[in-house]
Amino acid sequence: MTALVRVLLVDDRAITRTGIRAILDQDRALEVAGEAADAAEAEREVLRLSPGVVLADAQSPGLDVVGLVTALAARHGDSMPAVLLTAQGPDGTAREALRAGAKGVVLSSATPEQLVSAVHMVAAGYAVHVAPGPRHGAGSEELWPRPVPRPLPDPHGARADLLTRREREVLHLLARGLSNAEMAAELVVSESTVKSHVQNLLDKLRLRNRVHAVIFAHRTGLAPTACGCSAPPRAGVA
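Residues numbered from 1 in each chain as written. Predicted model: local features only at pLDDT ≥ 70, side-chain atom pairs only at ≥ 80, totals over all residues. Heavy atoms only, no water.

Draft legend 1. Seen up close, the overall build of the protein. Each helix and strand counted, the protein has nine helices and seven strands in total. Burial statistics for the protein: of 238 residues in total, 47% are counted as buried. Counting only contacts in the protein whose residues sit at least 6 apart along the sequence, the fraction spanning at least 24 positions is 66%. When the accessible surface of the protein is split by element, carbon and sulfur atoms take 52% of a total near 11,200 Å². (Helix = DSSP H or I, 4+ residues; strand = E, 2+ residues; numbered from the N terminus. Buried < 20%, exposed > 50% of the residue type's maximum accessible area, 1.4 Å probe, protein only. Contact = heavy atoms within 4.5 Å. Areas by Shrake-Rupley, 256 points an atom, 1.4 Å probe, with all protein chains shown as cover.)

Draft legend 2. Molecular detail of the pattern of salt bridges. The full count for this structure, using the stated rule, is 10 salt bridges. Of the charged contacts, one joins Glu45 and Arg48 as a salt bridge, the two residues approaching to 2.8 Å between their closest N and O atoms. Highlighted residues: Glu45 and Arg48, both in helix H2 (residues 39–49), separated by three residues, approximately one helical turn. Using a relative accessible area of 58% as the deciding quantity, one classes Arg48 as exposed. (Salt bridge = Lys/Arg side-chain N within 4 Å of Asp/Glu carboxyl O.)

Draft legend 3. How the structure looks around unusual backbone geometry. Even without glycine at this site, Val188 takes up a positive phi of about 60°. For Val188, the location among the structural elements is in the loop between helix H7 (180–187) and helix H8 (191–205). By relative accessible area, Val188 is classed as exposed at 71%. Notably, Arg206 is not glycine yet its phi reads approximately 55°, a positive angle. Note on placement: Arg206 falls in the loop between H8 and helix H9 (210–219).

Draft legend 4. Up close: the nonpolar core. Ranked by internal contacts, the top residues of the largest apolar core, which has 44 residues, are Leu24, Leu171 and Leu201. The contact partners of Leu201, leaving out residues within four places of it in the chain, are Leu163, Glu167, Val170, Leu171, Leu174 and Ala213. Among the nonpolar cores identified, the runner-up in size contains 25 residues, and Leu72, Leu85, Ala94 and Ala97 belong to it. (Core = buried A, V, L, I, M, F, W, Y, C linked by side-chain atoms within 4.5 Å.)

The following block contains the structure:
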């Protein structure tokens, strides 16, 4: 059985924490281990709960997120939990926190599916960047995962040879974070056809869900590689 990813929510607004908890609780592979309203409480809860991911609001007025990331890095070193930030956009605070050791940023405007996927990504060792969306207008943005460092290739990567050309295309679009409806529009097919392709590729690759398919795509090099963005050497934002 796959181990649960334990998440600590950090935000000074209880109503925001409640909303995010409701989203994460929908994924059986995630467990909200606890909550914290400020950096000091978050540090104590990390010591007490040993979460795998700390999900914090980079722009929360009552939270020094840069100080939190710096403190966690100093205390835990390489064993620190993966810190994923939520933010309205790639601002200076988010950039500074990323330089301090946070693993990525997810936009506050992201869908619940994108948020859940981002949590799984950082838990698996990936950095989640914010990059220009290639399918949308200027100023739009989308999640772009990048391995830091790159995990070892999946030993079962040869299973990808079982995929048809169309299933590979669907896997590509999954890795870009597209929904079934968006994939249907991209491929000019029905949503039911997309669902069939998704289920077929999950069965062939012996993967549990869409999130695992995205991780598989990036681990095996089947995901798109050009994001058209400029990022710092560490996990960053465009």
